[in-house]
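Residue-level structure breakdown
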Amino acid sequence: MRQLPAVSRVLQDRRVQDAIAVHGRQLVVDCVREVLNRLREHLQKGSAVATDLPSIVSEVLQAVECWRTPTLRRVINATGVVLHTGLGRAVLAQAARRAVTEVAQGHSMLEVDRDTGERGDRIEHVRDLLCRLTGAEDATVVNNNAGAVLLAVTVLAQGKEVIISRGQLVEIGGAFRMPDIIAQSGAKLVEVGTTNRTRLSDYEQAITSDTALLLRCHPSNFRIVGFTEEVSAEELVSLAHRYGLAVLDDVGSGCLVDTAQFGLEHEPTLQESVQAGCDIVTCSGDKLLGGPQAGIILGRRQVVQRIRKHPLHRALRVDKLTLAALEATLRLYLNPDEAQREIPVLRTLAMSVGEVRRRANRLRRRLQATLPSGTVTVRLRDGLSAVGGGSLPGQQLGTVLVCLRSPEISAQQLAHALRWQEPAVFVRIEQEEVLIDPRTLLDDELDALVRAIDRAVVRCTGGKTNHARCGQSGD
Ligand SMILES: *Cc1c(COP(=O)(O)O)cnc(C)c1O
């Protein structure tokens, strides 16, 4: 143990003093202690570690740098999954990004009435827009769609029974489980039908004097194929209203446009659910709608007003940055052509295979000119992109993949090295090949992608795959 310098000795080092000037004393002192403790443990275990002062100082500086560097950073999505929940779902339109910056930079008209100067309501920034775009009587917004469903079921059915088809008892988007949401809202779940077939008569037979709600949920991340039968929103509404019950439709992805125009199947739209007469319709803001994370609630005025007065509405309140992004995104939809041009999710879905092929060819040429010869072979092949993010399950878009294969580097190794580049790159692996899908690349990412692949290949072929990582330095 005598080999290790004292904390005070490390703090006297010139580079450490400079770090204190930049980052403050407390953080640097803590990092010195942490590094020395870690080295002490290694020495106790008999591991060989460098204990000279310059090595220790380098580790300290690296530890300080790690604490000061954000971990939530931009990455390149080369997976071809358009709405990738792990990679943050929808990329915001420029108008939405600008709105967020503007509202973040100063005070804003979040909750004031401009006319009277009195306190207003934050939802007013999007309420009329949502009504105009969907035909709903009234609307509100909460933190996310899981919150929207929890709130709506609580208001409509607490202490009562909720009937749902067994084919719609879904789990979506990382632990959103319909049965758990219903239990949490204090309602009793009544399952009807079977996994693949549910008829209107199944619902009708389950209605009792305790029933309050018929719940529909778009099974948005899986598909049942073969002999299937579901009840349409219209049929369910007419049954519910005959018995004085409400219908809640969780449509999931919040689509406002016809996805058939992208060569995909038609995804149920918000307008259709509203038109069918559902009392409440909910969806996410950051799926096909292409906005920020949010839970959008549309429906009959009287029900939406009850929802807005419920304490959970306050608990699930939407943030001003989210509202700014959502408002700007929705305003783009007032001109559908502009929405298509400006909203990245729609642009990515609308991209033709010809355009993807042009991008793939450009990327291949750049890589072949850049990568050290003989290290990696680059070829193109036809493939599929996925929509992801709880929409259009099982449906895929034609694409052209750029495939990387190396005699020396495994696909896993290369993918790992790519994730540790700056910016990090996320790819798919299939049959020992790294696959880059140009569909989900943004317009300005080609240069950064080529550089990242180049550096990752050099790193792997240089025999160094141990990237210095926060919390793991020295391990
Ligand atoms: C994605 C999804 C949810 C969860 O939405 P979040 O906004 O992620 O909370 C709920 N229901 C359906 C049908 C979904 O597709």
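Residues numbered from 1 in each chain as written. Predicted model: local features only at pLDDT ≥ 70, side-chain atom pairs only at ≥ 80, totals over all residues. Heavy atoms only, no water.

**Observations concerning the site of the ligand**
Around the ligand, the surrounding shell holds 14 residues, and the nearest of these are Ala 146, Ser 220, Asp 250, Ser 284 and Lys 287. Separating an oxygen atom of the ligand from a backbone N or O atom of Asn 145 is a distance of 3.0 Å. At 2.9 Å from an oxygen atom of the ligand is found a main-chain nitrogen or oxygen belonging to Ala 146. Elements with a contribution of two residues or more to the shell around the ligand: helix 7 (145–157) and strand 9 (246–252). (Near = heavy atom within 4 Å. Polar contact = N/O pair within 3.5 Å; in protein donor to acceptor, adjacent residues only side chain to side chain. Helix = DSSP H or I, 4+ residues; strand = E, 2+ residues; numbered from the N terminus.)

**Digging into the sheet that holds strand 7 (residues 188–192)**
The strand order across the open sheet built from seven strands is 3-11-10-9-8-4-7, with neighbouring strands paired in mixed fashion. Two strands lie at the open edges of the sheet, namely strand 3 (138–142) and strand 7, each paired on one side alone. Strand after strand, the sheet turns through a mean of 20° between neighbouring axes, direction not considered. The pairing of strand 10 (residues 280–284) with strand 11 (residues 295–299) spans five bridges and is antiparallel. Paired with Thr 282 across the bridge in strand 11 is Ile 297. Of the strands in this sheet, strand 8 (211–217) and strand 9 touch helix 10 (residues 233–242), which is tilted by about 175° from strand 8. (Pairing = 2+ DSSP bridges. Axes fitted to C-alpha atoms, helices over the stretch in contact; angles between N-to-C directions. Contact = heavy atoms within 4.5 Å.)

**Some words on unusual backbone geometry**
Residue Pro 423 is reached from Glu 422 by a cis peptide bond, and omega for that bond is 0°. Positive phi, close to 50°, is recorded for Arg 89, a residue that is not glycine. Summarising the element assignment, Arg 89 is placed in the loop between strand 2 (81–83) and helix 5 (94–105). The buried category is assigned to Arg 89, whose relative accessible area is 15%. The phi torsion at Gln 431 lies on the positive side, around 45°, for a residue other than glycine. You can see Gln 431 is positioned in the loop between strand 15 (428–430) and strand 16 (433–436). (Buried < 20%, exposed > 50% of the residue type's maximum accessible area, 1.4 Å probe, protein only.)

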